[in-house]
Amino acid sequence: MKKYLAACILCLAAFVCGSGTALATDAQPDAQPVYVTPPSDTTLDSTLCYGARVVIPEGTKYYASADGGGSGAYGVIGNRYTPMGTDLYVGGFARLDDSGQLLEYRAYNPPYTPVKDYWANNIDGSVLHWDNIQVVIFRDPEGEKPLGWVPARSIAVTNGILGDDKTNAAFKNGVIVTDVDDIDGQLEPDLIDSNLPDPGNAIEDNIILGQKRPDTGDLTTDDPFVSTREIAYAIEDYVEDGKKVALLMDASNSVTEYVADIASYGAYIEKVNKADEIIAFGWNYQIISAEDYLDVEVDRRGTDLYTPLGNLSDVSYYDRIIIITDTYHNILDATIPEIPEFVGKIVVVCTGPLNSVDTGVITGIEDAFHTTAYLCRLDNELDRIRALGTLKR
């Protein structure tokens, strides 16, 4: 029976007996681990199936056999075969009794794993209890054998499923499992993105079409708002729909306190870079890729919003122009030429509250383009709150 493991003892080429050493070749010197909360029983019930992509903390041992809670040859997550950030998948399950004795198991070699299937576990009609469950993990979907067995409780994150084009790359600098109250303010963009559904095109649906706003809980405001993540997804949706999109990002000193929010693209760079033109501006401006924003060499001592806006290539053909700015413009001799043939829409994403907007600057843009600009506020807080709510569940 080639495709089904005939025993719970595996011959494992990927083991380094005794200990493992974590690789950090891809980590940045100031990179931080991702803080996560342990998955609940409900989360494991709904996500831990064959082919589930999992993140396991560095230092966790994986064994040749599930028997005894792990026995035989072993390796360690973080060794050269399993560095953090590696895509690891579930290839089987084993159930132990309270003394660690193996009761039942079902596991497959990687190419034959029944992806998305759930394990039927029903000895004596008893209910599956994750404290007594071991899972076998593999790295290479086409590999001959799995890596080894780990306790189900050692899994820190279930991060999608084999074949969904996602990865564990966001966790390459490690993962720290902690209580949800301890991770407030520490959620990385990748973790937020992995815990929230696709937001669709929030710029189009919430800002342009009626400016509908979601229930914000404690975030009581009359200002329509959009997050960096939603901007990224909107740009991708626009481009995939054949629309021409420009993104202009203020990089002057006056937005210093908002730079982290503007630049928090994290997992979204590939979406943002689909824009036809991306510009960072201060006193002068540069055409950039999204990841260059923090390091762009522009004169930050002043703000000229008009010149880069007027100098967009084939500006009249843009369907959507998105500007992230505090709306301050202090280069008095800069102007925008009239562009009456423009038929697209302009969205100004303000870094501060809308009552601080320089209405004269907005009027200048509207007069030049013969249009009405849509105003909203940049706010990533609701995404963070929603992601934390998902983690708590």
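Details of the structure are given in the entry above.
For the structure given in this document, a descriptive report is provided here. (Residues numbered from 1 in each chain as written. Predicted model: local features only at pLDDT ≥ 70, side-chain atom pairs only at ≥ 80, totals over all residues. Heavy atoms only, no water.)

As a further point, take the overall build of the chain. Broken down by element type, the chain carries nine helices and 17 strands. For the chain, the residues scored as buried account for 51% of the 393 residues in total. Looking at the chain alone, contacts between residues at least 24 apart form 77% of all its contacts between residues at least 6 apart. Here the chain displays about 18,100 Å² of accessible surface, and carbon together with sulfur accounts for 47% of that area. (Helix = DSSP H or I, 4+ residues; strand = E, 2+ residues; numbered from the N terminus. Buried < 20%, exposed > 50% of the residue type's maximum accessible area, 1.4 Å probe, protein only. Contact = heavy atoms within 4.5 Å. Areas by Shrake-Rupley, 256 points an atom, 1.4 Å probe, with all protein chains shown as cover.)

Note that soluble globular proteins tend to have their nonpolar side chains buried in a common cluster. Membership of the largest hydrophobic core comes to 36 residues, with the highest contact counts inside it found for Ile203, Tyr293 and Val349. Going through the elements one at a time, helix H3 (202-208), helix H4 (228-240), strand E12 (245-250), helix H5 (259-263), strand E13 (277-281), strand E15 (320-325), strand E16 (345-350) and strand E17 (374-378) are the ones with two or more residues in this core. A total of five residues in this core trace back to one element, the largest contributor, which is H4. Setting aside anything within four residues of it in sequence, one finds Val349 in contact with Val226, Ile231, Ile322, Ile323, Ile324, Thr325, Cys376, Arg377 and Leu378. Ranked by size, the runner-up nonpolar core spans 32 residues in total, among them Leu44, Val55, Ile56 and Val157. (Core = buried A, V, L, I, M, F, W, Y, C linked by side-chain atoms within 4.5 Å.)

All right, on to the pattern of salt bridges then. Under the defined criterion, the tally for this structure stands at eleven salt bridges. The shortest N-O distance in the salt bridge between Lys274 and Glu236 comes to 2.8 Å. Within this pair, whereas Lys274 is found in the loop between helix H6 (269-272) and E13, its partner Glu236 is found in helix H4, the two being separated by 38 residues in sequence. A relative accessible area of 11% places Glu236 in the buried class. Through salt bridges that share partners, Glu236, Glu240, Lys271 and Lys274 make up one connected network. (Salt bridge = Lys/Arg side-chain N within 4 Å of Asp/Glu carboxyl O.)

Before going further, it helps to examine the packing of aromatic side chains. Two aromatic rings, taken as a pair, are described by how far apart their centres are and by the angle between their planes. All told, the structure shown has six aromatic pairs when counted by the stated rule. Taking the centre distance of 5.6 Å and the plane angle of 10 degrees together, the rings of Phe93 and Trp119 count as stacked. On the criterion of sequence distance, the pair formed by Phe93 in strand E5 (residues 88-96) and Trp119 in the loop between strand E6 (102-107) and strand E7 (133-138) is long-range, its members being 26 residues apart. Here Phe93 falls in the buried class, since its relative accessible area comes to 1%. Look at Trp119 and you get buried, because its relative accessible area is 11%. A ring pair is formed by Phe342 and Phe369, whose centres lie 5.0 Å apart and whose planes are at 80 degrees; its orientation type is edge-to-face. Taken together, the residues span a long stretch of sequence, with Phe342 in the loop between E15 and E16 and Phe369 in helix H8 (residues 359-369) at a distance of 27 residues. Each member of the pair, Phe342 as well as Phe369, is classed as buried. Here a set of aromatic residues connected by ring pairs shows up, and it is made of Tyr50, Phe93, Tyr108 and Trp119. Here Lys61 stacks its cationic end above the ring of Tyr74, 4.5 Å away from the centre of that ring. Lying across the ring of Tyr233, Lys271 places its NZ or CZ 4.3 Å from the centre. (Phe/Tyr/Trp six-rings, centres within 6.5 Å; stacked < 30°, edge-to-face > 60°. Lys NZ or Arg CZ within 6 Å of the ring centre and 35° of its normal.)

Our next topic: empty space enclosed by the protein. Tallied over the full model, the rule gives two cavities of 30 Å³ or more. Within this model, the second largest cavity holds a volume of roughly 50 Å³. Around the second largest cavity, the lining residues are Val54, Val55, Ile56, Ile77, Thr82, Pro83, Met84, Gly85, Thr86, Leu88 and Asn168. Of the residues assigned to the lining of the second largest cavity, the class counts are seven nonpolar, four polar and no charged. (1 Å grid on protein atoms, 1.4 Å probe; cavity = no way out; pocket = protein on both sides within 12 Å on 5 of 7 lines; lining within 4 Å. Points joined across faces, edges and corners; volume = space filled by probe spheres on them. Nonpolar A, V, L, I, M, F, W, Y, C, P; charged D, E, K, R; others polar.)

Okay, the sheet that holds E12 next. Read across the open sheet, the seven strands follow the order E11-E17-E16-E15-E12-E13-E14; overall the sheet is mixed. Because the sheet does not close on itself, it has two edges, and the strands there are strand E11 (225-226) and strand E14 (285-287). Sheet topology places E16 next to E17; four bridges connect them, and they run parallel. Within the sheet, the bridge partner assigned to Val347 lies in E17 and is Tyr374. (Pairing = 2+ DSSP bridges.)

Further remarks concern the pairing of E17. Looking at chain direction, E11 and E17 are connected through two bridges and run parallel. Residue pairing in the sheet places Val226 in a bridge with Leu378 of E17. Crossover handedness for the path E16 to H8 to E17: right-handed. (Right-handed = clockwise from strand over helix to strand, strands pointing away.)

A positive phi angle, near 80 degrees, is found at Lys116, a position not held by glycine. Here Lys116 shows up in the loop between E6 and E7. Relative accessible area serves as the criterion here: at 56%, Lys116 is assigned to the exposed category. For His370, which is not a glycine, the phi torsion comes out positive at approximately 55 degrees. Note on placement: His370 falls in the loop between H8 and E17. What makes His370 partly exposed here is its relative accessible area of 47%.

On to the environment of Leu354, then. Examined against the element boundaries, Leu354 turns out to sit in the loop between E16 and H8. Note on Leu354: relative accessible area 21%, which makes it partly exposed. Sequence separation of Leu354 and Asp223 is 131 residues, and the distance between their C-alpha atoms is 6.6 Å. Apart from the residues within four sequence positions on either side, Leu354 is in contact with Asp223, Pro224, Leu375, Cys376 and Arg377.

We now examine the environment of Arg106. You can see Arg106 is positioned in strand E6. Judged by relative accessible area, which is 38%, Arg106 ranks as partly exposed.

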